[in-house]
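Coordinate inspection notes
So you can see what is in the structure, the chains are spelled out below.
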Amino acid sequence: MKSLGPFTFNMCRDYVGALFLLPLAIASGRIDPLAVNYRGSEIPGVSTPVAERKRMLLISGVVVGLCMFSASGFQQMGLVTTTAGKSGFVTALYIVLVPVIGRIFLKKKCSALVWAAVAIAVVGFYFLCIRENFSINSGDLITLGGSVLFAVHILCVDRFVTKVNGVQMSCLQLLVAGILSTIVAFIFETPSWEAMAVCIGPILYAGILSSGVAFTLQIIGQKGLNPTTASLLMSLESVISALAGWAVLGESLSGRELAGCALVFTGVILAQIPMPSRK
């Protein structure tokens, strides 16, 4: 973010990820009856007409791609004025937001334990981001907005993942996010080949491993999980980001911020403890 604008960086990483996944999307489609290029025998209850497969892939790719564009954009903008470690913990609030959003919009019930987790995570967010003078870093609020959008992304993936080929949906979502990032980057930023060349290492890492591999594994993995469990597993990025910010970037957290991290992660774990069923 010191050399590239947020949307220029996302534009580059999304195109790299889409190009990386393209041959895999073509190859995996030949053996998956949910893929648009499947040429095997129709499987009752699994296979659908080609036109329907194409329509569902297009819809899912556009929807989750729009979610990714929005969420990643907020996250990258937040990183301009906050640290990588804090960004990871604030982003991990999606673990609590997934069941909350699901309750509000999808009418999925949340236990009292989940609401307690929300309260603990909010207190943790206060210690993590609110200074002694009661000011809050704008990057923290922007990152929190990205966390909400990542929660929506997880729920959207859960909606489509059983209807399309996961690798193809991941490839298309990156392409959609890349196109949207390109439009915003050329309107509000000044992309240059020189700046991109300086950041080629982070671009390739984020494009291939983060976008291409990690987001694709998320989609494939969610096919056998409920969204809340998936968000719990992915929330480990908060721990890894804090450790990486310390080990790689030399960042540090104060005692107050560490206490906030501990409370946020407590809320993250508490939200996943199953409640005993009532008879």
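All residue numbers refer to positions counted from 1 along the written sequence of the respective chain. Selection of residues for local features in this predicted model requires a pLDDT of at least 70, selection of side-chain atom pairs for listing and counting requires 80 or more, and totals for whole chains, interfaces and linings are taken over all residues. Side-chain measures were taken over the full set of non-hydrogen atoms in the model, leaving aside hydrogen atoms and water.

1. A few points about a nonpolar patch on the surface
Where we set the bar: Think of a patch as exposed residues, more than 30% relative accessible area, with no salt bridge, where like charges cluster within 9 Å and nonpolar side chains (Val, Leu, Ile, Met, Phe, Trp, Tyr) cluster within 5 Å. The Shrake-Rupley method, run with a 1.4 Å probe, gives the accessible areas here. Residue values count only the displayed protein chains as cover. Salt bridges, as used here, are contacts in which a Lys or Arg side-chain nitrogen is within 4 Å of a carboxyl oxygen on Asp or Glu. Counting from the N terminus, the helices are DSSP H or I runs at least four residues long and the strands are E runs at least two residues long.
A cluster of nonpolar side chains, namely Leu 175, Ile 179, Ile 183, Ile 187 and Phe 188, defines an oily patch on the protein surface of about 530 Å² accessible area. Topologically, Phe 188 is positioned in helix α7 (residues 166–188).

2. A closer look at the packing of α7 against helix α9 (residues 200–222)
Rules: Every axis in this analysis is a line fitted to C-alpha atoms, fitted for helices over the stretch in contact. Angles between the N-to-C directions lie between 0 and 180 degrees. Here is the rule for angles: anything less than 35 degrees is roughly parallel, anything more than 145 is roughly antiparallel, 65 through 115 is roughly perpendicular, and the remaining ranges are oblique. Working rule for handedness: look at the near helix, and if it is turned counterclockwise from the far one by less than a right angle, call the crossing left-handed; if clockwise, right-handed. By definition, residues are in contact when any of their heavy atoms lie within 4.5 Å. In this classification, Asp, Glu, Lys and Arg are treated as charged, Ala, Val, Leu, Ile, Met, Phe, Trp, Tyr, Cys and Pro as nonpolar, and every other residue, Gly included, as polar.
The contact between α7 and α9 brings their axes to 9 Å, and the two run at 130°. It follows from the interaxial angle that α7 and α9 lie oblique. In the packing of α7 onto α9, the handedness of the crossing is right-handed. Each of Gly 166, Val 167, Met 169, Ser 170, Gln 173 and Leu 174 in α7 lies in contact with α9, whose residues at this interface are Ser 211, Gly 212, Phe 215, Thr 216, Ile 219 and Ile 220. Looking at the contact of α7 with α9 residue by residue, the class counts come to six nonpolar, six polar and no charged.

3. Considering the packing of helix α1 (residues 6–29) against α9
Where α1 contacts α9, the two axes come as close as 8 Å, and the packing angle between them is 55°. Between α1 and α9, the angle falls in the class oblique. α9 is crossed by α1, and the crossing has right-handed handedness. Across the interface between the two elements, Phe 9, Cys 12, Arg 13, Asp 14, Val 16, Gly 17, Phe 20 and Leu 21 of α1 pack against Pro 202, Ile 203, Leu 204, Ala 206, Gly 207, Ile 208, Ser 210, Ser 211, Gly 212, Val 213, Phe 215 and Thr 216 of α9.

4. What about the pattern of salt bridges?
This structure, assessed with the given rule, holds one salt bridge. A salt bridge links Glu 52 to Arg 55, with the nearest nitrogen and oxygen atoms 2.9 Å apart. Note that Glu 52 and Arg 55 are positioned in helix α2 (residues 50–78) at a spacing of three residues, about one turn of the helix.

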